[in-house]
Amino acid sequence: SEEEEQAVKVVPLTSPFQPTLSQYLDHCVTHYPYQSWCPHCVEGKGREFGHTTRAKEQSDVPTVSFDYAFLSDGEEVLTQEAFDAAGETAVKLLVVRDDRSKALFAHVVPKKGIDEKGFSVDSLVEDIKWLGYAKLALKSDNEPAIVKLLSEALRELRINGVSQVLEEHPPEYDPQSNGSAEVGVKLVKGQMRTLRSNLESNIGHRVPV
């Protein structure tokens, strides 16, 4: 008889952690931190999970960055043109992130820049006042609507007694230079997708944006 080859022993992967019902329900209150065993975290944040960041030296002056983002019912909206075409199936967000504390804020706003009732300016100013810094740098990209919002927010903060507010803009044509705001956008969109997935699962209906 022919000599048989010796089979290589297969080492199985470690069984993933399975939470109890109580642990799962506790996690579903906030879905934070991300858990790979949670189907809603995987649905909402999985595409953003696993990115690494390099440690960088911390400035003496905290930097608060802000940018706009879109949330939609259908395909991901990335441009103003796609947002306009989406109509009522998409909303615009102002996302604000503090580099130092990692605090994150997001507000649904009616338009880019300064709206008629000043909601965007008031939201940005209140976020910064909540952080409690007497001295900080406000950072945005160079889009005219955002620069206008930044200028008005700087004026309001100085009126409200913040002793020193610096203005910072990234270099032109450098998409990576406002990284903190981009991270904030990813975190907000991932969290919203996750909570929406959980809610839709619980009620058995699609929740419009």
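Residues numbered from 1 in each chain as written. Predicted model: local features only at pLDDT ≥ 70, side-chain atom pairs only at ≥ 80, totals over all residues. Heavy atoms only, no water.

Undergrad: Any chance you could break down the nonpolar core for me, citing the residues and the numbers?
TA: Membership of the largest hydrophobic core comes to 24 residues, with the highest contact counts inside it found for Phe 66, Leu 94, Leu 124, Leu 136 and Leu 138. Elements that contribute at least two residues to this core include exactly strand E1 (63-72), strand E2 (90-98), strand E3 (104-109), helix H4 (119-131), strand E4 (135-139) and helix H5 (144-159). Among the elements that make up this core, the one with the highest residue count is H5 (six residues). Leu 94 has contacts with Phe 66, Asp 67, Tyr 68, Phe 105, Ala 106, His 107, Val 109, Ser 120, Leu 124 and Leu 149, leaving out every residue within four places of it along the chain. (Core = buried A, V, L, I, M, F, W, Y, C linked by side-chain atoms within 4.5 Å. Buried < 20%, exposed > 50% of the residue type's maximum accessible area, 1.4 Å probe, protein only. Helix = DSSP H or I, 4+ residues; strand = E, 2+ residues; numbered from the N terminus. Contact = heavy atoms within 4.5 Å.)

Undergrad: Quick rundown of H5? Include the residues and the values.
TA: The first and last C-alpha atoms of H5 sit 23 Å apart over 16 residues, in line with the 22 Å expected at 1.5 Å per residue. Its buried side turned inward, H5 meets E1, E2, H4, E4 and strand E5 (164-168). Within two residues after H5, Gly 161 carries a phi angle of roughly 95 degrees, on the positive side. (Expected span 1.5 Å × (residues − 1).)

Undergrad: Let's hear about H4: which residues, and what values?
TA: The first and last C-alpha atoms of H4 sit 19 Å apart over 13 residues, in line with the 18 Å expected at 1.5 Å per residue. For H4, every residue scored as buried is listed here: Ser 120, Val 121, Ser 123, Leu 124, Val 125, Asp 127, Ile 128 and Leu 131. Turning to H4, the residues buried within the fold contact E1, E2, E3, E4 and H5. Of the residues one or two after H4, Gly 132 is the one with positive phi, at around 85 degrees.

On their own, these measurements won't tell you what the molecule is for.
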